Structure formats: structure tokens, C-alpha cells
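Notes for the structure review
One letter stands for each residue in the lines below.
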Amino acid sequence: MAKGDNLGEFEQLILTGLMILHENAYGMTIHEKVEELVERKRTVSLGSVYTTLDRLERKGYVRSWFSDPTPERGGRAKRYFEITGAGEKALKKSLKVAANMVAGLKEIGGVV
Amino acid sequence: MFPPKFGRYIFVLIPTQLLLFAGVTLLIKYFKPISEHVTISFAVAGGIAAMVANHLAHSRTAADGRLNAEFLLYLFLDPTNCDAIVGDLEERYRKILGKFGKHRANFWYWTQTIRSVWPIAWAWAKKTTLKPLIGVIAWAVAKGLLDRDSWVAAFVELFRRIRS
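Since the structure is predicted, the reported quantities are computational estimates derived from the model, not experimental observations.

1. Looking at the overall build of chain B
Scanning chain B from terminus to terminus reveals 5 helices and 0 strands. Sequence-ordered secondary structure for chain B, helices as α and strands as β, is α-α-α-α-α. Looking at chain B as a whole, 15% of its 164 residues qualify as buried. Here the analysis covers contacts within chain B between residues at least 6 apart in sequence; of these, 45% occur between residues at least 24 apart.

2. So, the interface of chain A and chain B
Contacts between the two partners involve 17 residues from chain A and, on the opposite side, 20 residues from chain B. Elements with a contribution of two residues or more to the side of chain A that touches chain B: helix H2 (27-37) and helix H3 (46-59) of chain A. When residues in the side of chain A that touches chain B are grouped by element, the largest group, 5 residues, is from H3(A). A per-class count over the side of chain A that touches chain B returns 5 nonpolar, 7 polar and 5 charged.

3. Observations concerning the pairing of strand S2 (residues 79-83) of chain A
The two faces of the sheet receive side chains in turn, since in a regular strand these alternate between them. Residues and elements named next belong to chain A. Residues Arg-79, Phe-81 and Ile-83 point to one face of S2 and are all buried, whereas Tyr-80 and Glu-82, pointing to the other face, are not buried. Pairing of strand S1 (residues 62-66) with S2, which is carried by 5 bridges, proceeds in the antiparallel orientation. Considered in S2, the bridge of Trp-65 is made with Tyr-80.

4. Remarks on the confidence of the model for chain B
Residues and elements named next belong to chain B. Per-residue confidence for chain B averages 72 on the pLDDT scale, and 56% of its residues sit at or above 70. Per-element confidence in chain B ranges from a low mean pLDDT of 61 for helix H2 (residues 36-76) to a high of 88 for helix H3 (residues 79-100). Taken together, the stretch residues 1-5 has pLDDT below 50 and engages in 6 contacts with residues farther than four places along the chain or on a different chain. Listed scores for the predicted complex are pTM 0.64 and ipTM 0.81.

What counts as what
Residue positions within a chain follow its written sequence, with the count starting from 1. Working convention: letters from A go to chains and numbers from 1 go to ligands, in the order in which they are written. Given that this is a predicted model, residues contribute local features only at a pLDDT of at least 70 and side-chain atom pairs are listed and counted only at 80 or more, while totals for whole chains, interfaces and linings are drawn from all residues. Each helix is a run of DSSP H or I of at least 4 residues and each strand a run of E of at least 2, with the numbering of both proceeding from the N terminus. Partly exposed residues are those falling between the two cut-offs: more than 12 but fewer than 20 other C-beta atoms within 10 Å of their own, whereas 20 or more means buried and 12 or fewer means exposed, with C-beta atoms placed from the backbone. By the convention adopted here, residues are in contact when the distance between their C-beta atoms, placed from the backbone, does not exceed 7 Å. Think of it as three bins: nonpolar holds Ala, Val, Leu, Ile, Met, Phe, Trp, Tyr, Cys and Pro, charged holds Asp, Glu, Lys and Arg, and polar takes everything else, Gly as well. Criterion used throughout: strands pair if DSSP finds at least two bridges between them. Confidence scores per residue from the predictor, reported as pLDDT, run from 0 to 100.

This is how it looks when you write it as C-alpha cells:
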């Protein structure tokens, strides 16, 4: 696995959020979902969500498009995001590593 | 011509308070012989009106505050992306406003904006300045390795050029 394929913790959170939200994944809902996933124990800014999404899009793990402007957003468009096949694959790889870690710790009666 | 907040203070708040002050002064001057109680009532009414004007002016500046936050984001983002972020902030702001009230919503809006500006500004800086900077350093190292006795000499030369 090349170094660039590795996902950071925040990238994993965002991709998980995208998979859960599916069709309704845009800035605000992703931000809310990530806050929910970290159980509001960590402060998450909307700016960091967007910069991470941009990075993931450059890597080819995410694609985005703009919707029509809506009045409840002051006439501004939503930027929708969707996970790509490569993104799903990268997330699965990362989760597998995490699952291996959990299994390893369980074997020795560790913290998990 | 003026920034929105400044214009509001100059053309709305200050004239309103001056008018109220002038009105109360005239009332005290001309109605004092009739009854002192009446003039006191007018003064109290004037004071209340000034407070209301103040409150209205401040409730308007909260919206301006959000405009300033928007401006901060527009500094580092292209208009389409910025519109999406500001739209998200606006949508959640309205949600919080409905649930918890204006003060909490404004507080949330500002903390989110300030927290959001840092990663956005850093990404912008990386995109616009970091690559040329790495290029210059690489050039200096390469020049030092090829042309000079050592790459340190190239850095010294570069430093000299920057200083001069």
C-alpha cells in the first residue's frame, strides 16, 4: 500500500459520514454527522471538513457537485459530496487495519 | 460609501438620540412651569425611546457581524466554495436560532467562522506560497550542489540576496 493511500483519522471519519448520509451528504450534514461520530468530545470546524473533503476529492476518493440555490440558505447553493469506488476501497482498508488492532488487543485481554 | 455599521451609527443612531435629547430638553424648558411631573414623565419616555433605538441598532449589527464573518471566508476561498460554506453556516445558524435563541446562534456562528478560517487559510497558503517556497529552496540546494563548494554556501548567498 503506497503512503498516499493511507487515510488519516479525520479522513476516515468524513468518508464514514459520507457512506452513512449517502444521498443527503453536503457540508452541514457531514459536519453534524462527524460531530456525532466523535460523540461531541472534539470540536470540529466546518472549515476543516471542507479542506479535508477537497483533499479527498484531489485524491479521487470523493466527487462533488453543486445544487440549485435554496431560500433557507439565503439563496446559496449546496455542495453535495459522494464517495467514489476508490474511496470505499481505501476506507475498507483502513477499517481492516483498525479491526486487526482491536483483535490483537482482545487476544491479550487489552483495553478494548 | 461607508461600511454598513458606520453608516448606521452616523445616519440612524446618532440623529435619533440627538433628536430625542433635543425634544426632551425643549419639553423641560417650556413645560416646567406647568408641571414638574409631566416633564419628568417626558424625560423617562425619552430615555426609554433612546434605549429602544439602541436595542434596535444593536440587533441590526448582529447581522452585520455575520457579514463580516462572510468577508473573512471570502478572503481565502473562491466565490462558489465560499457560497457553499456560508450557506451551511446560515442553515445551521437558523436551526440554532430557532432552538436556543439569537445570542447562542451568534456565538456559534462566530466561533465556527474563526475556527474555520485557520484550516482554510492554511490550505490556501500551502497552495499559493508553499510550492514556490519549496521551489526556491530546491533551486538553492541544487545550485549549491552543482556550482558551489557546498549547499550551505548557496543558502548563505540566498540569505545575502534577501538581505540586500
